[in-house]
Every structure is written in C-alpha cells, then in structure tokens.
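Descriptive analysis of the structure
The lines below spell out each chain.
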Amino acid sequence: MQWKALALALLVERGYGQAMPMMRFQCSQLVVDRLDPLVNPGVVPSPHLHQIVGGNSFNASMDPTSHDLPASSTCTSCTFSEDFSNYWTAVLYFRARNGTYRRVPQFVSEGLRADGGITVYYIPSPTANEKVKAFTPGFRMLVGDATARAQVASARKVCHRCMPKTGDNSNINCGAPDSQSLPTKMCDGGIRSVITFPTCWDGKNTDSVDHMSHVAYPVSGSAVGVGAYGSCPASHPVKIPQVMYEVMWDTRIFNDKALWPEDGSQPFVWSTGDESGFSQHGDYVFGWKGDALQRAMDARCNGAVCGQLETQSSESAMKCIKSRTVNEDFDGWVTEIPGMAMAK
C-alpha cells in the first residue's frame, strides 16, 4: 500500500486539518510452519500452515501465564527492535491446471526492505488529544475465521485488493472494490491482503475463549475506517491502538493464461483449503518490551522511525529466523497443501 496515500485518504474522509500518524514498519519472515499457539495451543502440527513474523520465542504453546516474549526471545524479525510480538496469517497457494500447488511468495510494501513477511501498522486515535492504551503482557487476539467459506461478520475488516501494476488504487482500505473474497482476475501488481483489528477493549481480559470477545470495533464511524476512531461500546470502553497487517502476495509470477483453469476461474487457495478467500485471518500476540508501545502511541509516532523507540536495520531483522518445527515440503510443487489430509 502507498501509505502516504492511505494517510491522505483518511484525512479527506474525516475532514481533519493534518495527516493522521501511523506507525508502519516491516517484519521479515521468521518462519513458515504448521503451528498455531492461539487457536491450537500445543498441537503439532496444527490444521493449516501459517507465515509468522516477530520474536523468535514463537512456539506451539506460548502459555500466556508463563511465556514472556521479550525475555524469551533473542531476536525479532521486526525493525523496531523492542517489538518481540508475534503476528501470523494463513498462506496463499496457486493451484495449477494439473492439480498441483505452489506457495505464492511474498514481496515487500512500498518504501520498505525485508524478506517477505508482514507490514505492520499501529494506529492511534485520529484526535490528537485522545490517548489510546497500549496492550498489556499476555494480550492476544484474532480476526477472521479459518473455517469460513462465505462472508462472516468477524472478518468484515479482512480484505483483498487486486493491485495495479504500479502505485495503488485510490479507494480507502477495505472499501469497494476491495473484497473479503479473492480477486477473480489476474492482478498486474499482485494481491494485497489486509487484516485490521478492533480498537475497543473490555479493560479486563487479555484474551477470551474465542480470542475475539474481549475486543470490539467502534459503534460509530465509517465501516471501513482506519485507526482508533469513533465511540467504543459500553461493554468495551477502553480504546487501544489499531493493529493492521498488510501482506503482499506475488501472484504476478502466475499471470499466465496457460496456467490458469481452462474455465477462467481464479486459481488461488488459502492454506486452510479455501478457494473463496473468506477464511483469511490474522493472529496477534503482544510482546513489546516494557512500556515501549505506550511511549510510541503517546508520541504519535509516524512511519518506521520513532524517537521513542530503538530500531535495527532491515538486514539485522532479516537475520532473525527460526527453524521449522514441522518438517514438510511446503515450498515446491506439491500434490496437497500441508494439512489438507487432516481436513478430509
């Protein structure tokens, strides 16, 4: 995403006199693995494949009562070096005419350097004098539904954009023509997946049974708004930073009609086995060191540099990688997406 264009679009949409700040930084690929400590803690392998970024203490369990991400991690794949949080999503595959699958590689958003991974945003309130409360240790949340095969309310801020060859479209994030479903045509600039988390917290629970109920979206403001805008419901009165993921999938390498299905249907499949696109989801486990995130939000830091935070080079971030726990072929041409056998 052209993030300056996003900031300008938000400015126009809300009529503010100055651009809205948003922390935007890259987290390189830590590992691609079949683990999910949020939804399937302790299960090895988990039902489907994820691409994971952040602190290298990521593992299959990550018990919130005992797992201290900053203390347990020795490095992070994010360029803000005090951020040992973990961020993960499903993985996109291409299905060829002969029925085999190939993982779609990722590329980096505008103005950043990394090895694939996720562009992460932390966005405060658009109102300069309204503070947001940073997450507390043990906090975690989930957006989307890995089992969905049709539009669901829990994924209303999970969307896909068919990117132009250069630049970006002018519509606001997740506004039409962006959609929860996967694009049905070849995209000259690849497919962008965006996952936008809620900005209201119940003020008590760092998690919930479904990993969603302790947070909520505002009850007022635009349905596609970005940032801690609007009014929170009485049940979730505390405003928290808006976390947003942006993942760029390099579908351009498959833009060949000879590879696509003869009937012209779209050939991409999420690692959940979903061809519709509705099952894309994002998991988040908070792991910033000390009060670093609160300082950054109070200072309304913007972009990938913040005077309140320590940073590391993109090269250092890219060196933070983790060995896979589940040893299986996920990167070559495969006859089944990892985990498909478990779903049958």
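Since the structure is predicted, the reported quantities are computational estimates derived from the model, not experimental observations. (Residues numbered from 1 in each chain as written. Predicted model: local features only at pLDDT ≥ 70, side-chain atom pairs only at ≥ 80, totals over all residues. Heavy atoms only, no water.)

Before going further, it helps to examine the packing of aromatic side chains. Remark: the centre distance and the inter-plane angle together describe each pair of aromatic rings, the angle taken between the planes. Counted by the stated rule, this structure contains 21 aromatic pairs. The interplanar angle of 75 degrees and the centroid separation of 6.4 Å between the aromatic rings of F94 and W333 together place this pair among those described as edge-to-face. Residue F94 is found in strand β5 (residues 92-95), and its partner W333 is found in the loop between α4 (314-318) and α5 (340-343); the two are separated by 239 residues along the sequence. Residue classification places F94 among the buried residues on the basis of a relative accessible area of 0%. Joined through ring pairs, the aromatic side chains of F25, F80, Y87, Y122, F135, F139, F197, W201, Y245, Y284, F286 and W288 make up one cluster. Geometry around F107 places R252 over its ring, the cationic atom sitting 4.4 Å from the centre. (Phe/Tyr/Trp six-rings, centres within 6.5 Å; stacked < 30°, edge-to-face > 60°. Helix = DSSP H or I, 4+ residues; strand = E, 2+ residues; numbered from the N terminus. Buried < 20%, exposed > 50% of the residue type's maximum accessible area, 1.4 Å probe, protein only. Lys NZ or Arg CZ within 6 Å of the ring centre and 35° of its normal.)

Before going further, it helps to spend a moment on the pattern of salt bridges. Between side chains of opposite charge, pairing is possible as soon as their charged atoms come close. Under the criterion given, the structure shown has 13 salt bridges. R192 is the partner of D178 in a salt bridge, and the nearest nitrogen-oxygen pair spans 3.6 Å. Remark: R192 occurs in strand β11 (residues 191-196) and D178 occurs in the loop between β10 (158-162) and β11; sequence separation between them is 14 residues. As far as the burial class goes, D178 and R192 line up, both buried. Ionic pairing is found between D250 and R252, a salt bridge with its closest N-O pair at 2.6 Å. Of the residues examined, D250 reaches a relative accessible area of 13% and is grouped as buried. Taken together, the shared-partner salt bridges connect R161, D168, D178 and R192 into one network. (Salt bridge = Lys/Arg side-chain N within 4 Å of Asp/Glu carboxyl O.)

This part covers the sheet that holds strand β16 (residues 268-270). Where strands meet in a sheet, backbone hydrogen bonds hold them as pairs that are either parallel or antiparallel. Read across the sheet, 3 strands follow the order β6-β5-β16 without closing on themselves; strand pairing throughout is antiparallel. The sheet is open, and its two edges are formed by β6 (101-103) and β16, each paired on a single side. Strand-to-strand twist in this sheet, taken as the mean axis angle between neighbours without regard to direction, amounts to 35 degrees. Pairing between β5 and β16: 3 bridges, direction antiparallel. Note that in β16 the partner of Y93 across the bridge is V269. (Pairing = 2+ DSSP bridges. Axes fitted to C-alpha atoms, helices over the stretch in contact; angles between N-to-C directions.)

Core analysis: the largest hydrophobic core is formed by 51 residues, its most contacted members being M23, F25, Y87, Y122, F135, Y284 and W288. V31, L38, I52 and W88 belong to the second-largest nonpolar core, a separate cluster that totals 15 residues. (Core = buried A, V, L, I, M, F, W, Y, C linked by side-chain atoms within 4.5 Å.)

Read across the sheet, 5 strands follow the order β2-β3-β4-β17-β9 without closing on themselves; strand pairing throughout is antiparallel. Each edge of the open sheet carries a strand with a single partner, namely β2 (29-33) and β9 (140-144). Across the sheet, the axes of successive neighbouring strands diverge by a mean angle of 15 degrees, strand direction being ignored. Both β2 and strand β3 (residues 50-54) contribute to a ladder of 4 bridges, which runs antiparallel. By the bridge assignment for β3, Q29 is matched with V53.

In this section: the environment of T76. Mapped onto the elements of the fold, T76 is located in the loop between α2 (69-72) and β4 (86-90). T76 sits 105 residues away from S181 along the chain, and the two C-alpha atoms are 32 Å apart. Once you skip the residues sitting within four places of it in the chain, T76 turns out to touch G54, G55, S81, D83, F84, Q312, A317 and C320. At 2.7 Å, the side chain of T76 and the backbone oxygen of D83 are in polar contact. (Contact = heavy atoms within 4.5 Å. Polar contact = N/O pair within 3.5 Å; in protein donor to acceptor, adjacent residues only side chain to side chain.)

All chains considered together, the criterion is met by 6 disulfides. Residue C200 pairs covalently with C232 via a disulfide, S to S 2.1 Å. In this structure the cystine formed by C200 and C232 twists about its S-S bond by roughly -85 degrees; its chirality is therefore left-handed. Note that C200 is positioned in strand β12 (residues 200-201) and C232 in the loop between β13 (215-216) and β14 (238-239), a separation of 32 residues in sequence. Each sulfur in the disulfide pair C301 and C306 lies 2.0 Å from the other. For the pair C301 and C306, one class covers both residues: buried. Listing the disulfide partners of the protein chain by sequence rank of the bonded cysteines yields 1-3, 2-12, 4-6, 5-7, 8-9, 10-11. (Disulfide = S-S within 2.5 Å.)

A few words on the side chain of R34. Inspection of the secondary structure assignment puts R34 in the loop between β2 and β3. Look at R34 and you get buried, because its relative accessible area is 7%. In terms of polar contacts, R34 uses its side chain to reach the side chain of E328, at 2.9 Å.

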